[in-house]
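Listed below are the residues making up each chain.
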Amino acid sequence: MELNRRTVIAGAAAAGMAATALGGTAHATGGKAPVKSLFGKLADGTKIYSWSLANGGTRLKVLSYGGIVQSLEIPDRHGKYKNVSLGFDNIEDYVAKTPYFGALIGRYGNRIAKGQFNLDGKSYQLSVNDGVNSLHGGTKGFDKHVWDIEPFTKGTDVGLYLYYTSVDGEMGYPGTLRTKVTYTLTKHGDWRLDYEATTDKATVVNLTSHVYWNLAGEGSGSIYDHELKIAAARYTPVDSGLIPTGELAKVAGTPFDFRRTKTVGEDIRIANQQLLYGKGIDHNWALDKGITAKPEHVATLRDPSSGRTLKIATTEPGLQFYSGNFLDGTLVGPGGHIYRQGDALCLETQHFPDSPNQASFPSTVLRPGQTYRTTTVHSFDN
């Protein structure tokens, strides 16, 4: 039987309760309306806008290109603000160089083996952009499209509605997919993402956000001293192409055991074949909670030097933890610092990689008449 999240409805009230339970930054002031400004232009003259939001002590800047989080600022224990997400200060670098910094990912976050899958007796060939595999939707995924954005204020919340329609056959995927993603900053300073999508043909969908976190501040150096805890007793081992083998392996006794809080770098240099495949950590955790109707706490990340803490709650069954292994010193952030291996990490809430080819994994199939809905809440503290 399909494990299907398409009927999962995670309303704003449920997300708010989850955020409060996580102990987000306790600021109770309402935010002001989002502010729009010109960020740059694409080569064809298309204008790219930046939207600035602030609420509950959190400051967020979002681009219409790729729905990118260009910056996310939160205070440390002394009230000093820093941008804790990697990115660029110009649109040209986002177009030419970005390794998905801060972007919305679709249609399918993570990898699909050989860019192929079968659905209802039909075979589909996707755009291949990661060796022989398809990664994050192909050569022109959702991160490389311009999204329509509408700002909103609702009670004490402020936010943005982001819209993109992916036509039938785009990057090889069947069906016209109409996508809406809501970015909300709550009065507590929580950043909530609500994903929705509908289709006119059976397809596969796995949307996520690809923020690169460094809670000490972007450009400040390695995140190996960050402390991390993940509520998962199992993960999905991969082959040399980073495609899951299908096994749900126990984390016990491996470098992938984050059931107790430990530093990111504690076991990252251990001689382990899985770490060799990923040049570090680039794996999916099968969260203990599975698919849930409302966001539940799954991970906590803390920078001991600043006290900044990120707590993540989600309705999703998986969490991809990527330790910034392929940052190679060729990218320069808005602060003028070079990004090197391990200078940030990603915690991508999702369904599992290669699910269309793994019958034992929770299904990512979306059919006409169904609505894809998932929610993830990021809460901040110091």
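Coordinates for the structure precede this section.
Described in the following lines is the structure provided in the data block.

The rules behind each value
Residues numbered from 1 in each chain as written. Predicted model: local features only at pLDDT ≥ 70, side-chain atom pairs only at ≥ 80, totals over all residues. Heavy atoms only, no water. Pairing = 2+ DSSP bridges. Helix = DSSP H or I, 4+ residues; strand = E, 2+ residues; numbered from the N terminus. Core = buried A, V, L, I, M, F, W, Y, C linked by side-chain atoms within 4.5 Å. Buried < 20%, exposed > 50% of the residue type's maximum accessible area, 1.4 Å probe, protein only. Contact = heavy atoms within 4.5 Å. Phe/Tyr/Trp six-rings, centres within 6.5 Å; stacked < 30°, edge-to-face > 60°. Lys NZ or Arg CZ within 6 Å of the ring centre and 35° of its normal.

On the basis of which strands lie adjacent, the open sheet formed by five strands has the order β19-β18-β21-β24-β27 and antiparallel pairing. In this open sheet, the two strands that pair with only one neighbour each are β19 (249-250) and β27 (346-350). In this structure, strand β18 (residues 234-236) lies alongside strand β21 (residues 282-286), joined through three bridges in antiparallel fashion. Its bridge partner lying in β21, Tyr235 is registered against Trp285.

Grouped together as the largest cluster of nonpolar side chains are 57 residues, with contacts concentrated most on Leu72, Tyr183, Trp191, Trp213, Ile230, Trp285 and Phe321. Among residues more than four places away in sequence, those in contact with Trp285 are Ile230, Ala232, Arg234, Tyr235, Val251, Phe256, Phe258, Pro317, Gly318, Leu319, Phe321 and Phe352. Grouped together as the second largest cluster of nonpolar side chains are 22 residues, Phe39, Leu86, Ile105 and Leu135 included.

The nine strands are arranged β11-β12-β13-β14-β29-β23-β22-β17-β20 in an open sheet whose pairing can be described as antiparallel. Two strands bound the open sheet, and with one partner strand each, they are β11 (148-154) and β20 (262-263). Strand direction decides the pairing type here: strand β17 (residues 227-230) and strand β22 (residues 296-302), joined by four bridges, are antiparallel. For Glu227, the partnering residue across the bridge sits in β22 and is Arg302.

In this structure the tally under the stated criterion is 22 aromatic pairs. Taken together, a centroid distance of 4.8 Å and an interplanar angle of 90° make the contact between Phe101 and Tyr212 edge-to-face. Remark: Tyr212 occurs in the loop between β16 (208-210) and β17 and Phe101 occurs in the loop between α2 (91-96) and β6 (103-105); sequence separation between them is 111 residues. Residue Phe101 shares its accessibility class with Tyr212, and that shared class is buried. Plain terms: the ring middles of Phe117 and Tyr173 are 6.5 Å apart, the flat faces sit at 35° to each other, and that makes the pair tilted. Remark: Tyr173 occurs in the loop between β12 (157-166) and β13 (177-185) and Phe117 occurs in strand β8 (residues 116-119); sequence separation between them is 56 residues. Between Lys262 and the ring centre of Phe258, over which it is positioned, the NZ or CZ distance is 4.5 Å.

Before going further, it helps to spend a moment on the pairing of strand β9 (residues 122-125). As judged from the four bridges shared by β8 and β9, these two strands associate in the antiparallel manner. Bridge pairing in β9 links Asn118 to Ser123. Hairpin connection from β8 to β9: two residues lie between these consecutive antiparallel strands, with Asp120 at a positive phi of about 55°.

By themselves, these are just geometric observations and shouldn't be taken as functional.
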